[in-house]
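Single-letter residue listing:
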Amino acid sequence: MTLLRYTIRRILQAIPVLIGISFITFVLVNALPGDPVAIMLEGQEVDQETIEAVERRYGLDRPFHERFVTYMLGLIQGDLGYSFHRDMPVSTLMWIRLGPTLLLVISAFVFALVTAVPLGVLAAKRRNEPTDHVSRIIALIGVSTPSFWIGIMLILIFAVWLGWLPSGRLVYPWRDPAHYGFDGRLELYYQTIRHLLLPMVALGTLQMATIMRIERSSMVESLQEEYVQLARAYGVPERTILRKHAFRSAQLPIITIVGLNLSTALGGAVLIETVFEINGMGRLLIQSIQQLDYQVVMGVTIVLATIFVIGVIITDISYAYVDPRVSYGDRD
Amino acid sequence: MATTEGQLGDGEEPQVGWRHTLAQVRNDPTARFGLYIIAIATSVAIFSAVDANLSRLTLGAYHDYTIGEWLPVLENPETLPPPGEMQTYQPPVFAEGGSWDNPLGTDQSGRDYLSRIIYGARISMAVGFFATFLGLTGGVAIGAVAGYYGGWIDDVLMRFVEIIYSIPALVLVIVFTVFVSGGNPDVIYAILGVGIATVPVFSRIIRSRVLSVREMDYVEAARAAGVTDRNIIRRHIIPNSFAPVLVYATLQIGFAILIVAGLSFLGYGAQPPTPDWGQMLNHAHGQMHVNPWMSIWPGVAILLTIMGFNLFGDGLQDALDPRIDN
Amino acid sequence: MSNETILEVDGLKTHFYTEQGVVRAVDGVSFDVREREIVGIVGESGAGKSVATTSILRLIEEPGQIVDGEITYRDLTIVGFEEQDDGTLTPREAMLSNREMRDQVRGNEIAIIFQDPMESLNPVYSVGHQVTEFIELNRELSGGDARQEAIDMLREVGIPEPENRFDDYPHEFSGGMRQRVLIAMALGCRPTLIIADEPTTALDVTVEGQILDLVKDLQTKYGTSFIWVTHDMGIVAEICDRVNVMYLGEIVEQGPVDDIFHDTKHPYTQKLLESIPRPDRTVTELDPIAGTMPSAINPPRACRFHTRCPDARVACTEVEPRFVAVGNDADGDGDEHEGEHNDHRTACIKYDDVGYWDSVPLEKVGDRDIQYVGDRS
């Protein structure tokens, strides 16, 4: 029950943040000098009357604060505005583009966790031995390399030179296999993984490196805890100590970092989607900026920030679930 | 186990001075390596000069120019091949068709690739340093004020910081650069944008430090002695919170370079013809099938530079935090 | 006290190889533990008490190493060396492997209770789970039986409503309650010997008293032997049968508690006793031991206590004190040989035949020096 109340409280706390995000995004995007309608209709022969008609239609003839209130009222009802360029509601566009981005980001985190956690534990166990040094070098390179360059290199090696994997686009597991001309679900999933592999690694490397560093230091600390010494003194085998006694409490910082790193992963997705030509939120952002489709730009920014806020709430709740010491009362 | 009575009490923090920290960093081979990378990248950024056509590397000694001439100087223009004779997309020296004249080959306009990469250090380092400095100044101010005054000021400032932090940094920087510049993005806007995006990290660190420093005796004493709030923050609180900030600043420079590389890759950072690593990768991306070599070098340059800051930052952190021993 | 000896430590040396030098944390320590008795190891922090007891379970970690000595538990060789032809020491064949230590000794024969109950329990597992886990591991009990046993043990150590508290987490218990949980954990494994490493130091005095009473009751009931590590002579008086006084890696005096208290031989023991606050003495008489303990890297020559000893003479800096039997002079008739058969022994040259009494007191030497400087000025 307390966990439920904690969840509700965290969601309520997020509301002012979400309003603030919308406000800042609105201010930023509307800071665009010049008349958006004029830019939008650039190159077309239009008279003043048409411009005014378009402005009225989109409410651009009204003052800033009125437009903001209208926009916010729309947001509450799930109306993110209208895409001039694509001629459809922004919210519809978001639904189409959300899937690929989430698929990419979640798989990147899965990749990062599956590789980083065991490597970090191993490095902590073999502290200052060759395994540890190698893993630290991998982590160092991982945190220092731009994800989009890793993407380019992976394409160069695995698609251009070796020809093993496709160089871009994704196959979506939720689509009908017939859409791609595949035989059945199995081939669809197989192709999904084949297409996802390179962008996933490119986006996940930074996360892997960050998580690996924290896993290592967290495990090193945890292995020196007195309760681990106690387990040893009671004859618990070293393997059980590593997998159970030292492991669980050492994962708490990992939960936090996954939530916080969602921010860099979502930012990275913009680049990776560009490199791999994935039609997700990030690519949509770049395309809309080029098209000056400013309502879509606002929509993407707000949705990405909202995903981050939700992600942090989820990790906070997981943390509270794993760590019995968290009191639901007074802390964020 | 060989602790003796009369050693430092639990509550006392061992006095760690700057000299001690620097000595420790000097003794740490990886941190030293990082420092060398930073030193090389910085001096390359400051002292490198490339001829105006960017066709050939002219890494002259710096006494060749006055301070006002740090920008590209024209050296021996008469020896330059006339425009049009420069070969475009020449491969690097070890590939077939390469030559020592252009060790890493040439780009789409026949400009020396190595020169452009070396010159690109200037943009990256400048953005890294200035953006971090901006974020640090803003963050320190916000964090110090929020932590010191508490109450509603703290609430408002920290909520603001949380909002900024919630928008993924790269997205924020892109939107900022494009829209605030009115559709004409440039390095200045990139620096501003990255600076704003780094404010949250610094303000949070400073705030938490301030909260602990605020309660210390000497701050209480200063307050009792009638020292103004402004001076307490400036003279006591900020200097005492600086160690962790320095570590983060070092790591943050690397992060800023990373963000700007991404920004330039998307075309919203430095604009041609200014050479910039991200922007070079942008072009190279399109050339991947024809001229794969071009994609490699700018990435290596970014990797090495950021690695330098990470190594040095880690070394600094180890030196400042006696708890961690490796 | 004619009980069988269960643990014998002989000439144990545990050293730590640090960058600053070799820390001789335990440097030739011998003592034994018999069935059903509580043996105290007392000394200031840094004396090497914990290292000595950790060595018994062979839980010394890098850079520490047991370099010499014998530890025998019943017929098991926990530590044992043999000398090779070239003079180096290598572990004897009979010495238990790490696996055997784990399966045969740790937990099921010798259990341990650490000093800080706050840190000794894993914060992310329930208390009941942790007690059950160790009981299941060290006794032939099925999961359900182990759980029942854990509940019974928790009740035994005075946790109210153990069934309801079973699934609570450590942070929901007070310090005293957590220490009770750790005692339940230790006793639940039915060991023959429990090492209690300053288990009450972190607790306040009232709780400490309750825990000591509890341990005395349970010790009688289960017949478990204890090694009780402490720096507090008051606790020694309350619960120990025999005691070993440790100073800087060595035992300086050992014997039955009555003899140690009423016929104190070693000046260090004397100092420790004087540092107990007692109602019949005013605070001004409280005499903490002067000076700090020297480093165990370069311990003082000969008698290690001479730098702080009020009775030190020049001979103390030159002659290595032997461990000699000192008689039981409890009746105060001056006959020091009446009880030579018992095990009250000390390492102080006062009681050995080395001309201590002819030697100049160190204090005097020091005084004269000061005098000289004073005269000159």
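Predicted model, so just to flag it, every value in this text is computed and none were measured. (Residues numbered from 1 in each chain as written. Chains lettered and ligands numbered in written order. Predicted model: local features only at pLDDT ≥ 70, side-chain atom pairs only at ≥ 80, totals over all residues. Heavy atoms only, no water.)

Draft legend 1. Local environment of the overall build of chain A. The secondary structure content of chain A amounts to 15 helices and two strands. If one aligns the C-alpha atoms of chain A with their principal axes, the spans along those axes are about 85 × 55 × 40 Å. Looking at chain A as a whole, 55% of its 332 residues are labelled buried. Of the contacts made within chain A by residues no fewer than 6 positions apart, 74% connect residues no fewer than 24 positions apart. Of the accessible surface of chain A, which amounts to about 15,000 Å², a share of 62% is contributed by carbon and sulfur atoms. (Helix = DSSP H or I, 4+ residues; strand = E, 2+ residues; numbered from the N terminus. Buried < 20%, exposed > 50% of the residue type's maximum accessible area, 1.4 Å probe, protein only. Contact = heavy atoms within 4.5 Å. Areas by Shrake-Rupley, 256 points an atom, 1.4 Å probe, with all protein chains shown as cover.)

Draft legend 2. Region of interest: a nonpolar patch on the surface. Nonpolar side chains collect at one region of the surface, where L4(A), I8(A), L12(A), I15(A) and I19(A) lie side by side and expose about 450 Å² of accessible area between them. Here I19(A) lies in helix 1 (residues 2–30). (Patch = residues over 30% accessible without salt bridge, like charges linked within 9 Å, V, L, I, M, F, W, Y side chains within 5 Å. Salt bridge = Lys/Arg side-chain N within 4 Å of Asp/Glu carboxyl O.)

Draft legend 3. Representation of the sheet that holds strand 8 (residues 110–113) of chain C. Residues and elements named next belong to chain C. Taken in spatial order, the eight strands make up an open sheet running 8-9-10-3-11-12-14-13, and their pairing is mixed. For this open sheet the edge positions go to strand 8 and strand 13 (324–325), each flanked by a neighbour on one side alone. Looking at chain direction, strand 12 (residues 250–256) and strand 14 (residues 345–346) are connected through two bridges and run antiparallel. Of the residues in strand 14, the one forming a bridge with Q254 is R345. Sheet strands touched by helix 11 (residues 267–274): strand 3 (38–42), strand 11 (242–247) and strand 12. Its angle to strand 11, the strand with the most contacts, is close to 105°. (Pairing = 2+ DSSP bridges. Axes fitted to C-alpha atoms, helices over the stretch in contact; angles between N-to-C directions.)

Draft legend 4. A look at the confidence of the model for chain A. When pLDDT is averaged across chain A, the result is 86; 92% of the residues are at 70 or more. Averaged pLDDT values over the elements of chain A bottom out at 61 in helix 2 (residues 36–40) of chain A and peak at 93 in helix 5 (residues 90–125) of chain A. (pLDDT = per-residue confidence, 0-100.)

Draft legend 5. Representation of the interface of chain C and chain A within the structure. Chain C puts 30 residues into the contact, and the matching count from chain A is 22 residues. Taken together, both faces of the contact between chain C and chain A bury some 2,300 Å²; the carbon and sulfur share is 62%. When the buried area of chain C at its contact with chain A is split by residue, R102(C), V124(C) and Y125(C) rank highest and sum to 23% of it. Here chain C and chain A share two salt bridges between them. A salt bridge links K244(A) to E133(C); the nearest nitrogen and oxygen atoms lie 3.3 Å apart. Where chain C packs against chain A, one counts 13 residue pairs in polar contact (both at pLDDT 80 or more). Listing elements by their share of the side of chain C that touches chain A, those giving two or more residues are strand 8, helix 3 (117–120), helix 4 (127–138) and helix 7 (175–188) of chain C. It is helix 4 of chain C that contributes the most residues to the side of chain C that touches chain A, five residues altogether. Here the residues of the side of chain C that touches chain A sort into 17 nonpolar, seven polar and six charged. (Buried area = accessible area lost by both parts, 1.4 Å probe. Polar contact = N/O pair within 3.5 Å; in protein donor to acceptor, adjacent residues only side chain to side chain. Nonpolar A, V, L, I, M, F, W, Y, C, P; charged D, E, K, R; others polar.)

Draft legend 6. Structural detail: the interface of chain A and chain B. Listed by partner, the interface residues are 51 residues for chain A and 47 residues for chain B. The junction of chain A with chain B conceals about 4,200 Å² of combined surface from both sides, 78% of it contributed by carbon and sulfur atoms. Our count for the contact surface shared by chain A and chain B stands at one salt bridge. The residue D314(B) makes a salt bridge to R213(A) at a minimum N-O spacing of 2.6 Å. For the interface between chain A and chain B, the tally reads three residue pairs in polar contact (both at pLDDT 80 or more). Tallied by class, residues from the side of chain A that touches chain B come to 35 nonpolar, eleven polar and five charged.

Draft legend 7. Inspection of the pattern of salt bridges at higher detail. Residue and element names in this part refer to chain C. Tallying each qualifying case throughout the model produces 29 salt bridges over all chains. A salt bridge links R34 to D343; the nearest nitrogen and oxygen atoms lie 2.8 Å apart. Here R34 is found in strand 2 (residues 21–34), whereas its partner D343 is found in the loop between strand 13 and strand 14, with 309 residues between them in sequence. Overall, the relative accessible area of 25% leaves D343 in the partly exposed class. The partner of E149 in a salt bridge is R190, and the shortest N-O contact between them spans 2.9 Å. Pair noted here: E149 is in helix 5 (residues 143–156) and R190 is in the loop between helix 7 and strand 9 (193–197), with a separation of 41 residues, a long-range link. Each member of the salt-bridge network shares a partner with another, and the members are R24, D27, E250 and R304.

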